[in-house]
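Report on the structure
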Amino acid sequence: MRTLPIHSALTGLLSLLLAGCAAVPAQRTPDLREQAHALAARRLDDPGLSAAEAHFGLPAAHDAAWTPDRITVAAWYFDPALAQARAAATRAAADAEVAAQRSNPTLQLGTEKVFGGLGSGPPWTAGIALLLPLLHPGEAAARRDIAAADTAAARDQAALALWHSRTQALAAMRATLLARRAQALAETAVRDRKAYLQGVRQRVQAGAAARDIQLAAELQLQRAEAGLADRRARRDAAQQALAAALGLPWSALAEARLRWPDLDAPPAPAALPSSALAEDAAWNRLDLAALLAHYRASAARLRMAAGTRFPALAVAPGYKYDQGARKFTFGLDVELPLFHGAGARIRAAAAARDEAAAAVRARQMTILNALDAARAGYAERYAAWQRMQAAAAAARLTAARARAQRSAGQIDHATELSARLVAATAALAANDALSRALDSLARLEDVLQHPLWPPTHLAQMPTSPFPAASAPADEAAHAHRS
């Protein structure tokens, strides 16, 4: 009969141990060869990508042009860096959940046996106690606040990764389109230079022009050919950057038809509302939200440290079988601050909170300065592009007039070619000026971390989960929040 309590206690202990067991998810070691083949086999006609586009209400027809929105969704679907960012956010959220947990109770077991001086009773004494650590005042709420803040910061970091993915993909797409246009203009310039040189050679052979004019024309042709080679290299680099931004091999993009509506019509600086821009930049950036979440976590850690001014307590209710007598026991563990108190811990937590607050203020100041610089830079480059565009239009008009005069026999072929060369050079310069203006606009957009141009249909997104192997829709909406 005496063994019944011990048997019940052991049964309860075994049940607790089994309840504490947790399954570990299995994960196969990545096969690098298999993984490389899978990455190289990615294509834009992936059924999962089509489902993702349908999820956002975008056309997913095979012959549809790839617009900025479609390129953005493709980057969110394929980009391996986003999978890493989401895994990091999941890990951070799990770490926050672990940090919010309180210590488990400890089961204390003990036995004694009397070897001498014993009367007629049983020689055994057995005891069991449950050591329950108590929380400091405010510790439970502080732990919950820390977990909530750390989880919010992890979510902000994941959304920030989505924003960076969009920024990189659109920058590479824009660079690809402008590089292709610049290459075509450079090819036209080379053809005109060759025709001009041929005419100069004919005049030199006829004695109508000096030899140094031919040498100058040959030098200009060499410069034009070198410029064309540079433009081709820039086109290749832009196309490879686009493939890298999307997480695809270039072969998957070689036949893709890219289309950026109104690429030559960016918004005028005056069309961008300055007050709204300042508000967006001052308190609506994702990295600023993450820093603010870190501040809230630091403030909660300070509250938790303040609770350690009271000694740590643990109670230990138990049961003891003492040589036939059954007893209820109650113990109390009290931390004695003999070597140190809570002062150093509180000072460290307060310094961490103040550091987090300073980081928020410093980031806000950096953002506002960057906003002023980006706005001024875009205004200057937009004006420069407008001037160069007007010059290119005048050069095209002059070339058209020269072509009409050449047809009427009023000027010779060399004069017409000279006008065409000026028009080609001006068009190339205008294209470069447009590229610099659009880069400045992209920097302004990145300072705001909010889409400005081109208009996007991804700003209002459904909240249902995104298809597998791609970004969740709520993360995408968070990355485009206004």
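For the structure, see preceding data.
Residues numbered from 1 in each chain as written. Predicted model: local features only at pLDDT ≥ 70, side-chain atom pairs only at ≥ 80, totals over all residues. Heavy atoms only, no water.

What follows concerns the overall build of the protein. What the protein contains, in helices and strands, is 12 helices and four strands. Sorting the 482 residues of the protein into buried and exposed places 38% on the buried side. Pairs at least 24 residues apart make up 78% of the contacts formed inside the protein by residues separated by at least 6 positions. Here the protein displays about 26700 Å² of accessible surface, and carbon together with sulfur accounts for 58% of that area. (Helix = DSSP H or I, 4+ residues; strand = E, 2+ residues; numbered from the N terminus. Buried < 20%, exposed > 50% of the residue type's maximum accessible area, 1.4 Å probe, protein only. Contact = heavy atoms within 4.5 Å. Areas by Shrake-Rupley, 256 points an atom, 1.4 Å probe, with all protein chains shown as cover.)

Looking now at the pattern of salt bridges. One side chain can pair with another of opposite charge once the charged atoms of both are near each other. Enumeration according to the criterion identifies 21 salt bridges in this entry. As a salt-bridge pair, Asp 95 and Arg 91 come within 3.0 Å of each other at their nearest N and O atoms. Taken together, the residues Asp 95 and Arg 91, both in helix α5 (residues 80-99) and four residues apart, mark about one turn of the helix. The partly exposed category is assigned to Arg 91, whose relative accessible area is 48%. Across the salt bridge formed by Asp 439 and Arg 174, the nearest N and O atoms sit 3.3 Å from each other. Taken together, the residues span a long stretch of sequence, with Asp 439 in helix α11 (residues 413-448) and Arg 174 in helix α6 (residues 139-205) at a distance of 265 residues. According to the relative accessible area criterion, Arg 174 is buried, its value standing at 8%. (Salt bridge = Lys/Arg side-chain N within 4 Å of Asp/Glu carboxyl O.)

Moving on, we come to the nonpolar core. By size, the foremost hydrophobic cluster in this structure holds 55 residues, and its most contacted members are Leu 44, Leu 49, Trp 66, Ile 71, Leu 242 and Leu 246. At the level of secondary structure, the elements contributing two or more residues to this core comprise α3 (47-55), α4 (68-78), α5, α6, α7 (211-246), α9 (286-306), α10 (343-407) and α11. Among residues more than four places away in sequence, those in contact with Ile 71 are Trp 66, Ala 169, Met 173, Leu 242, Leu 246 and Leu 258. Residues Ala 186, Val 190, Leu 197 and Ala 217 belong to the second largest nonpolar core, which totals 10 residues. (Core = buried A, V, L, I, M, F, W, Y, C linked by side-chain atoms within 4.5 Å.)

Here we take up the environment of Gln 364. Here Gln 364 lies in helix α10. Measuring from C-alpha to C-alpha, the distance between Gln 364 and Leu 288 comes to 7.4 Å, with 76 residues separating the pair along the chain. Among residues more than four places away in sequence, those in contact with Gln 364 are Ala 282 and Leu 288.

With that out of the way, let us pick up a nonpolar patch on the surface. Together, Leu 134, Leu 313, Phe 328, Phe 330, Leu 332, Val 334, Leu 336, Leu 338 and Phe 339 line one region of the surface with nonpolar side chains, adding up to about 1100 Å² of accessible area. The biggest single contributor to the nonpolar patch is strand β4 (residues 325-334), with four residues. When its relative accessible area of 41% is taken as the criterion, Leu 134 is described as partly exposed. (Patch = residues over 30% accessible without salt bridge, like charges linked within 9 Å, V, L, I, M, F, W, Y side chains within 5 Å.)

Closest axis-to-axis distance for the α4/α6 pair is 9 Å, and the angle between their directions is 130 degrees. In this view, α4 runs oblique relative to α6, as classed from their interaxial angle. Of the two elements, α4 crosses α6, and the hand of that crossing is right-handed. Taking contact as the criterion, the partners of Pro 68, Ile 71, Thr 72, Ala 75 and Trp 76 in α4 are, on α6, Leu 162, Ser 165, Arg 166, Ala 169, Leu 170 and Met 173. Class assignment of the residues belonging to the contact of α4 with α6 gives a composition of eight nonpolar, two polar and one charged. (Axes fitted to C-alpha atoms, helices over the stretch in contact; angles between N-to-C directions. Parallel < 35°, antiparallel > 145°, perpendicular 65-115°, else oblique. Left-handed = near helix turned anticlockwise from the far one by under 90°. Nonpolar A, V, L, I, M, F, W, Y, C, P; charged D, E, K, R; others polar.)

As defined by bridge partners, strand β3 (residues 313-322) adjoins β4 across 10 bridges and the pair is classed as antiparallel. Bridge pairing links Gly 318 to Thr 329 in β4. Two successive antiparallel strands, β3 and β4, enclose a turn made up of two residues, where Gln 323 displays a positive phi of approximately 50 degrees. (Pairing = 2+ DSSP bridges.)

Before going further, it helps to spend a moment on the sheet that holds strand β2 (residues 124-133). Overall, antiparallel pairing links the four strands, which are arranged β1-β2-β3-β4 in an open sheet. The outermost strands of the open sheet, each flanked by one partner alone, are β1 (106-113) and β4. The mean angle between the axes of side-by-side strands here comes to 20 degrees, regardless of whether they run parallel or antiparallel. Pairing geometry for β1 and β2, over eight bridges, is antiparallel. From the neighbouring strand, Glu 112 faces β2, where its bridge partner is Thr 125.

Here Tyr 382 shows up in helix α10. For Tyr 382, a relative accessible area of 14% corresponds to the buried category. Sequence separation between Tyr 382 and Ser 440 is 58 residues, and the spatial gap between their C-alpha atoms is 8.6 Å. Ignoring any residue separated from it by four or fewer positions in sequence, one finds Tyr 382 in contact with Pro 266, Pro 267, Ala 268, Pro 269 and Ala 437.

Two aromatic rings are characterised by how far apart their centres lie and by the angle between their planes. In this structure the tally under the stated criterion is five aromatic pairs. Aromatic pair Trp 260 and Trp 453: ring centres 5.6 Å apart, planes at 35 degrees, arrangement tilted. Remark: Trp 453 occurs in the loop between α11 and α12 (473-479) and Trp 260 occurs in the loop between α7 and α8 (274-283); sequence separation between them is 193 residues. Accessibility expressed as a relative area gives 6% for Trp 260, which makes it buried. Here Tyr 378 and Tyr 382 contribute two aromatic rings whose centre-to-centre distance is 5.7 Å and whose plane-to-plane angle is 55 degrees, an arrangement assigned as tilted. Residue Tyr 378 and its partner Tyr 382 are located together in helix α10, separated by four residues, close to a single helical turn. (Phe/Tyr/Trp six-rings, centres within 6.5 Å; stacked < 30°, edge-to-face > 60°.)

Spatial relationships are all this shows, so hold off on functional conclusions.
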